[in-house]
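What follows is each chain in one-letter form.
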Amino acid sequence: MEIDVRQFSSDKILKHLDRVNAWLTGENPSPITVELDMTNLCNHRCPECSGWYFQDKNHDSLPYDLAKDIVRQLAKAKVRGLIFTGGGEPLCHPDITKILKLAHNLGLDTGFITNGSLITEEIGKDLLSCCRWIRISLDAASAKTFKKVHGMDKDAFHKIIANIQLLITIKKRLDSSATVGIGYLTSNHTDDEMLEAAKLCRRLNVDYLQFRPMQIHNNGKFEYHLSDITKNIHRCMNENVDGFKVLYSKHKYDMMKDKEYGRNYKKCYGQQFATVIAADAKAYLCCHMRGYGKYCIGDLKKNTFEEIWNSEQRKRVVENIDFKDCIPLCRDNTFNQILWNIKQPREHVNFL
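What you see is a predicted model; the values in this text were computed from it and never measured.

Cut-offs applied
- Residues numbered from 1 in each chain as written.
- Predicted model: local features only at pLDDT ≥ 70, side-chain atom pairs only at ≥ 80, totals over all residues.
- Heavy atoms only, no water.
- 1 Å grid on protein atoms, 1.4 Å probe; cavity = no way out; pocket = protein on both sides within 12 Å on 5 of 7 lines; lining within 4 Å.
- Points joined across faces, edges and corners; volume = space filled by probe spheres on them.
- Nonpolar A, V, L, I, M, F, W, Y, C, P; charged D, E, K, R; others polar.
- Core = buried A, V, L, I, M, F, W, Y, C linked by side-chain atoms within 4.5 Å.
- Buried < 20%, exposed > 50% of the residue type's maximum accessible area, 1.4 Å probe, protein only.
- Helix = DSSP H or I, 4+ residues; strand = E, 2+ residues; numbered from the N terminus.
- pLDDT = per-residue confidence, 0-100.
- Contact = heavy atoms within 4.5 Å.
- Pairing = 2+ DSSP bridges.
- Salt bridge = Lys/Arg side-chain N within 4 Å of Asp/Glu carboxyl O.
- Expected span 1.5 Å × (residues − 1).
- Polar contact = N/O pair within 3.5 Å; in protein donor to acceptor, adjacent residues only side chain to side chain.

S.K.: How should empty space enclosed by the protein be read in this particular structure?
M.R.: To locate leftover empty space, one rolls a probe as large as a water molecule over the atoms. Applying the stated rule across the entire model yields 2 cavities of 30 Å³ or more. A volume near 120 Å³ is recorded for the largest cavity. Lining the largest cavity are 15 residues, with C268, C286, M289, C326 and C330 sitting closest to its centre. By residue class, the composition of the lining of the largest cavity is 11 nonpolar, 2 polar and 2 charged. A volume near 30 Å³ is recorded for the second largest cavity. Lining the second largest cavity are A274, T275, C286, C287, R331 and D332. When grouped by side-chain class, the residues that make up the lining of the second largest cavity number 3 nonpolar, 1 polar and 2 charged.

S.K.: Explain the nonpolar core to me, please; I cannot follow it from the model alone.
M.R.: One recurring pattern in soluble globular proteins: nonpolar side chains tend to sit buried together. Membership of the largest hydrophobic core comes to 81 residues, with the highest contact counts inside it found for F84 and F211. Of all the elements, helix α6 (residues 154-174) adds the most residues to this core, at 8 residues.

S.K.: Just checking my understanding: could you explain the confidence of the model for the chain for this structure?
M.R.: Summing up the model confidence of the chain, the mean pLDDT is 90 and the portion of residues at 70 or higher is 92%. Across residues 1-7 the pLDDT falls below 50, and counting only partners more than four positions away or on other chains, this stretch makes 14 contacts in the model. Low confidence marks residues 52-56, where pLDDT is under 50. Its contacts with residues over four positions away, or in another chain, come to 21 contacts.

S.K.: Can you walk me through helix α4 (residues 121-130) in this structure?
M.R.: Each α-helix winds once per 3.6 residues, and so residues spaced three or four apart point in a common direction. All buried positions along α4 are accounted for by I123, G124, D126, L127, L128 and C130. Packed against the buried residues of α4 are α3 (96-105), β3 (109-114), β4 (133-137), α6 and β5 (179-186).

S.K.: Whenever I open this one, unusual backbone geometry confuses me. Can you help?
M.R.: Most peptide bonds take the trans configuration, and most residues that are not glycine carry a negative phi. Following G86, the chain continues into G87 via a peptide bond in cis, with omega recorded as 20°. Backbone geometry at N205 places phi at a positive 65°, although glycine is not the residue there. Structurally, the position occupied by N205 is in the loop between α7 (194-204) and β6 (208-213). A residue is classified by how much of its surface remains accessible, and N205, at 44% relative accessible area, is partly exposed. Of note, the phi angle at A281 is positive, near 70°, even though the residue is not glycine. One can find A281 in the loop between β10 (274-277) and β11 (282-284).

S.K.: Honestly, the layout of surface pockets in this entry has me stumped. Any pointers?
M.R.: What the second largest pocket holds in volume is close to 500 Å³. Tallying contributions element by element places helix α11 (residues 312-319) first for the lining of the second largest pocket, with 4 residues. Residue composition of the lining of the second largest pocket, by class: 7 nonpolar, 6 polar and 7 charged.

S.K.: Honestly, the pairing of strand β1 (residues 33-37) in this entry has me stumped. Any pointers?
M.R.: Regular strands have side chains that alternate between both faces of the sheet. Counting buried positions along β1 gives 5 out of 5 residues, so the element sits mostly inside the fold. Here β1 shows no split at all, with T33, E35 and D37 on one side and V34 and L36 on the other all buried. Two elements, β1 and strand β2 (residues 81-85), share 5 bridges in a ladder whose sense is parallel. Directly across from L36, in β2, lies its bridge partner F84. When β1 meets β10, the two strands line up parallel, connected through 4 bridges. Bridge assignment links L36 to a residue of β10, and that residue is I277.

S.K.: How should I be thinking about the pattern of salt bridges in this particular structure?
M.R.: Side chains that differ in charge, positive against negative, can pair when their charged atoms come close. Taken as a whole, this structure holds 14 salt bridges when the rule is applied. Put simply, E239 and R202 hold a salt bridge, and the shortest N to O gap is 3.1 Å. Pair noted here: E239 is in the loop between α8 (230-237) and β9 (245-248) and R202 is in helix α7, with a separation of 37 residues, a long-range link. On the accessibility criterion, E239 (11% relative accessible area) is buried.

S.K.: Please clarify how α6 should be interpreted in this entry.
M.R.: Its 21 residues place the ends of α6 30 Å apart at the C-alpha level, agreeing with the 30 Å of an ideal helix rising 1.5 Å per residue. Its buried side turned inward, α6 meets α4, β4, α5 (143-150), β5 and α7. Just beyond α6, the residue with positive phi is D175, at close to 55°.

S.K.: Could you clarify how one ought to interpret the environment of E306 in this entry?
M.R.: Mapped onto the secondary structure, E306 falls in helix α10 (residues 305-309). Taking C-alpha positions, E306 is 34 Å from I182, a pair spaced 124 residues apart along the chain.

S.K.: Whenever I open this one, the environment of H44 confuses me. Can you help?
M.R.: Structurally, H44 is set in the loop between β1 and α2 (64-76). H44 sits in the buried class, given a relative accessible area of 8%. The contacts of H44, once residues within four sequence positions are left out, are N115, S117, F146, H150, M152 and I160. Side chain to side chain, H44 and H150 meet in a polar contact 2.9 Å long.

Right, here's the structure in full:
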């Protein structure tokens, strides 16, 4: 059975040829996508959480006025996609929906990643009115497994299932075009519930279920939950009916079998097109380097986003990227494969 994974194809970077061409000619275009952590607070206790790698427990949250200013700066810089994520759980921030509405009103495409526990009628309306997509990190099909991966009891699990149902009910009522999906990290705790998760998500009438391999990155120590999910994936694909899709990051599962993890490039170019602003108001090279001082490109409490993006500090950070610090199956990995090939000199380019 052929599996449709186009939604996770790295060639999306080629939808932004204006930025790619500007970069190729030596310019410093603004990033296409920015992740924004409104807070590091979280109401879940995931034992293998990889959101804030390189420091002790951190309870930073962006002050409301600073968050407003940052979003306005990103819109001015012509960032195209803004993802509210963590860090912590974005809905733990008291002003999250105000900032989300501001971003939407400024013309930014917004995405939202949440554990789903704090969704209410009002919050659901705001999410579905402002976001292009919403993804709930569930990672389980039963309360028992949910306890293992999220550290929460069965009441929390059933509350999130009810909140997903609420979100879908509101989506239908509003006739919202926002995509609502479920995230599921595969690991030795969760592999055996993949089919049950697909059936559950189909019953919930979400748009998709996305499988990705769990990767742990704590203080530079990498750990992968390697397992062969091929059999489970093909069983899950049988649930692909009635507008519901089972998707998975096939390229990541394939590259986990490669000792180089697909890193056939010598430089990270993807950092030009995606970056992250953490809840301490510091900007970092990429989403995997939150809290790692070596890869901090600037502080928005001290400088504007434009100043940071064009700063000598950012140049130094980029010049000193060490792949030994990087999680192999990083977000930029497949973008880097394309960008590296584009950057290499070619002969007779007019002959295809």
